[in-house]
Each structure stands twice: as structure tokens, then as C-alpha cells.
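# Close look at the chain arrangement
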Amino acid sequence: MRFASRGDLDGGLAAAGRKPAAPRLYVLDGLRIVAALMVVFFHYVALRGGWGQDPEHIFPNAWKFAQYGWTGVEIFFLISGFVICMSTWGRSLGDFFISRVSRVYPAYWVAILLTAAVVSLWPQVRQVNGGFDGILTNLTMLQSGLGVWDVDGVYWTLFIELKFYVMFAVVVATGVTYRKCVLFCVLWTVVALASVQADIKLLDQWAMPLFQPYFVAGIAFYLMYRYRPNALLWGIVAMSLLLAEHQIGRRVRDNTTHHIPDWPAKLIVFVAFVLMALIACGVFNRMQWRWLSTAGALTYPLYLIHQYIGMTVIYGLRDRVPRPALVAGLIVVMLCAAWLMHKLVERPLSSKLRNVLRSSMEEVRQHSPRRAAPASPGASQAASQGAPQGASPVPEQHGGREEVREGAVAQRLRAYETGTYEQPAGDRVPVGRPDGA
């Protein structure tokens, strides 16, 4: 098995330039689009949505599988932990901020406007709660923290992602290293466990015990990929898997009004962990299917626009088009719409926003000079003896090893970007929350 690199424990690549750059993980793109289609299938086949009746009677066979499609959200979080840890290696906090904002906001803003327009013109299935003020608040992506309804039911997961970014930003601000990532995983697990019994709403909102195991496992999987698997990382993954499986029963009850078994959802989560373990061990490095990159690029816009717009289309065509053909055709249409959004909106707007933020961040850095570090006795002596001007600074040392902040592998891995708390049931309709109950 081939791994991305063999770095030292402080995060520097011990032999930068000697190892061949890791291949792009196209399999992650494939896994992302599968997770997105699972969620889409769940909304179109397992929920009442625009059908006006229980879909169990409309799709008696497909419904049995579709009712577990919400587990695609768990897969998203698992991939997110892997990709965020990977994409922040060697980056500053400013770079991390620019990357995340330019990645998640442009398509999101357009999706909000599209969804609000559709459900306002055809409010038979959903309505915009909170009116124009609610739409404006949704543009911040912070509406869940303010108790404002989401314009679309899937947006609740984005607030969870934002909270993960904020917490991991602490690691980024101090420099992402192997040790700090492990410490972050351990501390978050301990706090999440404490939040279950503490009955403190604020602690629960940030600890996110329902979804914390997936992010933590994703980080551990990336550490395996970047370095090599070991007992510590396997222990973190095993603990996360057990905690995730423990919470599945609650997630099943939250996502259906029927009495259905938990084991299919637990099996899906287990398979997702196994696939990520194989990715971390380099099993899929040879899977260089470039079309998966395009498929992965559709994931985020597809996720943003499919639910309420799709339900409205179902309502309008349910009596005119055969229902299986309606679902299949709608999925194809949504994929095409996602491609157009990626091509015409996400890529150009993200690029422009990234440039604007970089310019702003550079201005902040220019007007925020760093405090000079106190000179060591040796440096003072060298200065007094007349050190040559223009001499290059001494590289930062860690345990006798020169730290390399970013090597070829980190530059290659930077190409990956990721697309994807629980609000009280009475306040909103989250992804997977059965509507019409």
C-alpha cells in the first residue's frame, strides 16, 4: 500500500521532494456524488413531499431502500473531516478562511434566491417562513444559530459544517501538525461525551455528539493516508465508529414516522467507514477516473437546489407523468441544473470572491506587522560582530529537524475542497425530517 508521505510528527515532511506526489483521490469525488444522490433519492421517494400521500404506497419496493438515504449526510461529514484536514495542511488561518468562504457561499447564495423564488411562486408544497427578512438572514448561513427557518430543508447541515470549520480553525491558527490533529480528535470526543450528560444547550450545540464521530474519524483517516496507519489512529476510528453506531437509532427515529429497523442504517455507516479505511490505506490510488472529478463538482450545487424545488416540480407533474419516470427524469434535470450552476455560477463567482478576499487579507497583513521575536544571545553576539546583511533567516527547528511547512504533496492535496444543530423538531424541517407528519 502506498501512502501520501512519511512526515515527521510535527507536520513537516521529513524528506520533501523525495517522495512522488500522491495521486488525486478521485474516489472521494465518487463517494461524494453517491452520498448526494442518496439524499436526493430519500427526499423524492421516501418523503411525502409533493406526492400528497405516503410514498410507501407509491413506491412499495424503492421506498424500502430510499428511507435510509438520509445516511448520505453522515457520509458527507465523514468525507469533510478527511478533506478539511487535508486541504489545511501548510495553510495559514487567512488561507483557510478564504478557501472556505469562496467555496461554500457563492453557490449557496444563488441557491437561496432560486429556491425562494420557486416556493414563492408555487407555495403549494413549501413556503418561505420569515418572509424577506428570513431570506436575507439565510444569506449569512447562520440562520440556525438565530432560530430562523431555513429557506430549504437541507441547509441545516451547512451550519454544522461551519461550526466544524470554526473549531478546526483553532488548529489551523497554531499550525496544523500530526500531534495537534490527534489532540483535537481526542478533546472533541471527550467534550462530546460530556455534553450528552451535562444538559447544557450551548455545549451540546458546539460539541455536536450526533455528528462529531464522523468528522473525527475523517481526520484520523487522513492522518493514516498522509503518514501511515497505527494503533492510535485505528483506536480513534474504532471509537468514532462505535459512537456513531450508538447514535443511529436516534437518527432513524428523527427521519421517519414509520417503525423501521436500525440495522440497515448501521450497515451503511459501517460500509462508509470501511471505504474510507481503504482510501486511507491507498487501495484506491490507482482509480484515476477523471470523470469522477466532474461528478464530484456537481455534488454541492445538487445538494443545495434539489429538495424544495424538486418537491414543487413533483407536485405539478405527479398526475401528468408516470411516477417512476418523473423521479428518474427529475434527478437527471437536477444534475443538469447542478452542472450549469457549477459552470456559470460557482466557478466564476468563487474565483472572483477568492481574489477579493486575498486582496483584503493581504491588506490586513500589511497593516498588522508581526512583533519581533526576542533575539537570542548568539544572534545578539553575531549582530555585534557585524553579521552580513541580506543573510537568510535560520529555518525553524523542531526537535533537531527542520520544519518544512509545505511540500509537493501538500500542494497537490490542496486541489481538494469539500462542499457538507440539530434544531428542535418544532422549529424546522431538516434533511430527512419527514414532512407532512
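Cut-offs and rules
Residues numbered from 1 in each chain as written. Predicted model: local features only at pLDDT ≥ 70, side-chain atom pairs only at ≥ 80, totals over all residues. Heavy atoms only, no water. Helix = DSSP H or I, 4+ residues; strand = E, 2+ residues; numbered from the N terminus. Buried < 20%, exposed > 50% of the residue type's maximum accessible area, 1.4 Å probe, protein only. Areas by Shrake-Rupley, 256 points an atom, 1.4 Å probe, with all protein chains shown as cover. Phe/Tyr/Trp six-rings, centres within 6.5 Å; stacked < 30°, edge-to-face > 60°. Patch = residues over 30% accessible without salt bridge, like charges linked within 9 Å, V, L, I, M, F, W, Y side chains within 5 Å. Salt bridge = Lys/Arg side-chain N within 4 Å of Asp/Glu carboxyl O. Core = buried A, V, L, I, M, F, W, Y, C linked by side-chain atoms within 4.5 Å. Contact = heavy atoms within 4.5 Å. Polar contact = N/O pair within 3.5 Å; in protein donor to acceptor, adjacent residues only side chain to side chain. Axes fitted to C-alpha atoms, helices over the stretch in contact; angles between N-to-C directions. Parallel < 35°, antiparallel > 145°, perpendicular 65-115°, else oblique. Left-handed = near helix turned anticlockwise from the far one by under 90°. Nonpolar A, V, L, I, M, F, W, Y, C, P; charged D, E, K, R; others polar. pLDDT = per-residue confidence, 0-100.

## A few points about the overall build of the protein chain
- The number of helices and strands found in the protein chain is 19 helices and two strands.
- In the protein chain, which comprises 437 residues, the share counted as buried stands at 53%.
- Accessible surface for the protein chain amounts to roughly 20,600 Å². Of this, 63% is attributable to carbon and sulfur atoms.

## Some thoughts on the packing of aromatic side chains
- Inspection of every chain in the model, using the stated rule, returns 24 aromatic pairs.
- Seen from their ring centres, Tyr 108 and Tyr 155 are 5.1 Å apart, and the 70 degrees between their planes marks the pair as edge-to-face. Within this pair, whereas Tyr 108 is found in helix α5 (residues 93–121), its partner Tyr 155 is found in the loop between α7 (143–146) and α8 (156–174), the two being separated by 47 residues in sequence. Both residues of the pair, Tyr 108 and Tyr 155, belong to the buried class.
- Seen in terms of ring centroids, Phe 164 and Phe 168 are 5.9 Å apart; in terms of plane orientation they differ by 40 degrees. Their pairing is tilted. Separated by four residues within a single helix, Phe 164 and Phe 168 lie in helix α8, roughly one turn from each other.
- Judged by relative accessible area, Phe 164 falls into the buried class, the value being 0%.
- When its relative accessible area of 0% is taken as the criterion, Phe 168 is described as buried.
- Grouped by ring-pair contacts, the aromatic residues Phe 77, Phe 96, Trp 156, Phe 164, Tyr 165, Phe 168, Phe 184, Trp 188, Phe 211 and Phe 215 constitute a single cluster.

## Some words on a nonpolar patch on the surface
- A cluster of nonpolar side chains, Trp 263, Leu 267, Phe 270, Val 271, Val 274, Leu 275, Leu 278 and Val 283, forms an exposed patch at the surface whose accessible area comes to about 680 Å².
- Tracing the chain through its elements places Val 283 in the loop between α13 (263–280) and α14 (291–297).
- With a relative accessible area of 42%, Val 283 lands in the partly exposed category.

## Re the nonpolar core
- Grouped together as the largest cluster of nonpolar side chains are 127 residues, with contacts concentrated most on Phe 82, Phe 168 and Phe 221.
- The greatest single-element share of this core, amounting to 13 residues, is contributed by helix α1 (residues 26–46).
- In this structure Phe 82 touches Leu 25, Leu 28, Gly 218, Ile 219, Phe 221, Tyr 222, Tyr 225, Met 276 and Ile 279, once residues within four positions along its chain are discounted.

## Side note on the side chain of Thr 177
- Position of Thr 177 relative to the elements: it lies in the loop between α8 and α9 (178–198).
- A distance of 3.2 Å separates a polar side-chain atom of Thr 177 from the backbone nitrogen of Lys 180.

## Quick word on the packing of α5 against helix α17 (residues 323–366)
- Running from N to C, α5 and α17 point in directions that differ by 140 degrees, and their axes come no closer than 8 Å. By the angle class used here, α5 and α17 are oblique. Here α5 runs over α17; the crossing is right-handed.
- Broken down by class, the residue content of the contact of α5 with α17 amounts to 15 nonpolar, three polar and six charged.

## Things to note about the confidence of the model for the protein chain
- For the protein chain, mean pLDDT is 84; residues scoring 70 or higher make up 79% of the total.
- This stretch, residues 1–20, has a pLDDT under 50; its non-local contacts, to residues over four places away or in other chains, come to 61 contacts.
- Taken as a whole, residues 382–437 scores under 50 in pLDDT and shows 129 contacts with residues more than four places along the chain or in a different chain.

## Brief notes about unusual backbone geometry
- Of note, the phi angle at Asp 199 is positive, near 55 degrees, even though the residue is not glycine.
- When you line up the elements, Asp 199 lands in the loop between α9 and α10 (201–207).
- Look at Asp 199 and you get exposed, because its relative accessible area is 71%.
- Unlike most non-glycine residues, Met 208 shows phi in positive territory, near 50 degrees.
- Turning to its location among the elements, Met 208 is positioned in the loop between α10 and α11 (212–226).

## Considering the packing of helix α12 (residues 231–254) against α13
- In the contact formed by α12 and α13, the axes pass within 9 Å of each other and the chain directions differ by 155 degrees. Here α12 is positioned roughly antiparallel relative to α13, judged by the angle of their axes. Seen along the crossing, α12 lies across α13 with a hand that is right-handed. On α13, the residues that touch Trp 234, Val 237, Ser 240, Leu 241, Ala 244, Glu 245, Ile 248 and Val 252 of α12 are Ala 265, Lys 266, Val 269, Phe 270, Phe 273 and Ala 277.
- Among the residues making up the contact of α12 with α13, the classes are represented as eleven nonpolar, one polar and two charged.

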